[in-house]
Every structure is written in structure tokens, then in C-alpha cells.
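Structure assessment
So the chains spell out like this:
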Amino acid sequence: MSPLTPLVEATDPSAFGGKAASLGIAARAGLPVPAGFALTVDAVEGVIRADPDVLSRLHAACAGVHPRAVRSSAVGEDSGAASFAGAHCTILGVRRPDAVIAAVRDVHASGAAPGARAYRSRLGLSPCRMGVVIQDLVPAEVAGVLFTRNPVTGSAERVVEASWGLGEAVVAGLVVPDRYRLDTCGRVIERSCGEKDLALRARSGGTEQVAVVGPAVHTPCLDDAQLAALHALAEACDTVYESSEHDIEFAVFDGTVFLLQRRPITGG
């Protein structure tokens, strides 16, 4: 098995981690997953050891100047029992090969962070074995999260939270996002505009916070066509994952809704 594998070929969650395997399923099914590749747990350990072969392969794979997202993919992550949402590190806007290598090391280190260790201990999980996903960064106009079950009431409906720019602004709680509720047929049953006064944008070597001013702060960031596309994405995930329980991170760019992450909805 190659230590660097196209995401579409990342089939083994024990080798690549849960997130890579889940995205690999989506990519093989033709869902709109950004292009990228996965590092096995052993490859990540090779980066930590500064193995010359692994480093040279990673350096060659990351040649070019377009920005990338470097995401955790620990064994057991994004499973039906444990989501690890927010527990491990994600680094966005990485451009140079040496910066990608540094980001892989940071993601690996996040597996030993106090919050991640406490979560693993609470669930009785073994020590972290970290794989990594490296993808082209979608320069999102709008991004956010989609739940196919209401996380508060448990009702079978789509709940969408979204804001301008990269989705980390929503995930990290930097804004009060717009909130939409759709029934299981995709009909909008509630819209609530948030306080979207900043956006995260990719910049050279990372991201930056950009102030949002004027009417856009309180203008809905998703229109009916985009909400319909998100409903269609959820239905496609129903088929691909043979489940109707999804916690999805998405980005919208140039008329396309991209699937960035998909995990089962868990109580953990």
C-alpha cells in the first residue's frame, strides 16, 4: 500500500482513518468531494520521524501553489460511536510543500491534545493513531454544516447552519450563522438570519478574517436553489452510506455544493 494514496482509493479505515475512508466512499460514488489524497497512519508516523522517502513523496505530491486543506483522519474518527468534531486540528490555506509537512505534524500533535485525550478516555478508546487527508481547498463563497436530524429536538428534518466564506467560521463559533430548517422532502420550514459580521478567506499560507459590512451581515447566505442542492446532497448520502443520519460539512463555490466531510450523527 502506498503511503500517499488518492482519496478515491482510501478504502481501509484501519490504515487511513475514518474521515479518509468516509470521503473515499463519497468520491468513489461520484459525490462532489474536493480532489486530494490520504496519508496512512504509517505515513504520518514517517513524517514525524522525518523518513526521507515519505517526505520526498509528500513534497512531490504537494508541488504547486494552489491552497490545500490538511485534515485529521484518526482511526475511529467520524465513526458511528465517536465523531471527534472539533477535537483534532484542521489547517486551511496551506500552499508550500514544507508548510504541508508542518501541517501534518501539527495535525498529528492534535491527537495528543488534552481535549482529544479526554474524549478518547471518556469513550474508552485506545491511544490515537492519526491518518491525514490533504485536499484542494474550496475557496468557499458560503459554507457550513448540515444535520439530517435536528440536534436539539431529534426530529427527522434537515438543519443547516451557514455563513459567508470558509466553514471554520461556523464550526469555531466566530459568527452567529444563518439557520434553515427543511423537512425530509426538502421544503423550507424556517429561515433565521444570523449576525455574519466576518468571513474567513484563504490567503497566502493560511486564512484571514475579513469584516463583512452592510446588508450582507443580515442577508441570507443561501438561496432556495442552494438549499435544494443541499437537500439533494443529503439524499445522495442516504444512498451511498445506507443511512439517513448525516452530519455534513459543505462549501459552496461557483454554483457547486461540495462535500467536505461526512460523519454519522452520534451522541458523543
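Located above this text is the structure these notes cover.
In this report, the structure presented in the accompanying data block is examined. (Residues numbered from 1 in each chain as written. Predicted model: local features only at pLDDT ≥ 70, side-chain atom pairs only at ≥ 80, totals over all residues. Heavy atoms only, no water.)

Here we take up helix H2 (residues 18-28). By the criterion of burial, H2 is predominantly enclosed, with eight of the 11 residues buried. Taken residue by residue, H2 has Gly18, Lys19, Ala20, Ala21, Ser22, Leu23, Gly24 and Ala26 as its buried positions. Once H2 finishes, Gly30 follows within two positions and takes phi at roughly 85 degrees, a positive value. (Buried < 20%, exposed > 50% of the residue type's maximum accessible area, 1.4 Å probe, protein only. Helix = DSSP H or I, 4+ residues; strand = E, 2+ residues; numbered from the N terminus.)

One pass over the structure, following the stated rule, counts 12 salt bridges. For Glu190, the salt bridge identified is with Arg179, shortest N-O distance 3.8 Å. Within this pair, whereas Glu190 is found in strand S9 (residues 188-192), its partner Arg179 is found in strand S8 (residues 178-182), the two being separated by 11 residues in sequence. Judged by relative accessible area, which is 23%, Arg179 ranks as partly exposed. When salt bridges that share partners are traced, they join Glu157, Arg179, Arg181 and Glu190 into one network. (Salt bridge = Lys/Arg side-chain N within 4 Å of Asp/Glu carboxyl O.)

Residues Val160, Leu222, Leu230, Phe250 and Leu259 are the most contacted members of the largest nonpolar core, which totals 34 residues. Top contributing element to this core by residue count: helix H8 (residues 224-241), with six residues. Apart from residues lying up to four places away in sequence, Leu259 is in contact with Leu23, Ala26, Leu31, Pro32, Val33, Pro34, Leu233, Cys237, Ile248 and Glu249. (Core = buried A, V, L, I, M, F, W, Y, C linked by side-chain atoms within 4.5 Å. Contact = heavy atoms within 4.5 Å.)

Moving on to H8. Residues three or four positions apart in an α-helix share a direction because the helix packs 3.6 residues into each turn. Spanning 18 residues, H8 covers 26 Å between terminal C-alpha atoms, matching the ideal 26 Å at 1.5 Å per step. All of the buried residues in H8 are Leu227, Leu230, His231, Leu233, Ala234, Cys237 and Tyr241. Taken down its axis, H8 places every buried residue within 155 degrees of arc, on the same side. Opposite the buried face of H8, by more than 90 degrees, sit the exposed residues Ala225 and Thr239. In this structure Asp223 caps H8, since a side-chain oxygen of it lies 3.1 Å from the backbone nitrogen of Ala225. Following H8 by one or two positions, Glu242 adopts a phi angle in the positive range, close to 55 degrees. (Expected span 1.5 Å × (residues − 1). Arc of directions from axis to C-beta. Polar contact = N/O pair within 3.5 Å; in protein donor to acceptor, adjacent residues only side chain to side chain.)

The subject of this paragraph is the packing of aromatic side chains. Summed over the entire model, instances satisfying the criterion amount to zero aromatic pairs. In this structure, Arg262 is placed above the aromatic ring of Tyr241, and the distance from its NZ or CZ to the ring centre is 4.1 Å. (Phe/Tyr/Trp six-rings, centres within 6.5 Å; stacked < 30°, edge-to-face > 60°. Lys NZ or Arg CZ within 6 Å of the ring centre and 35° of its normal.)

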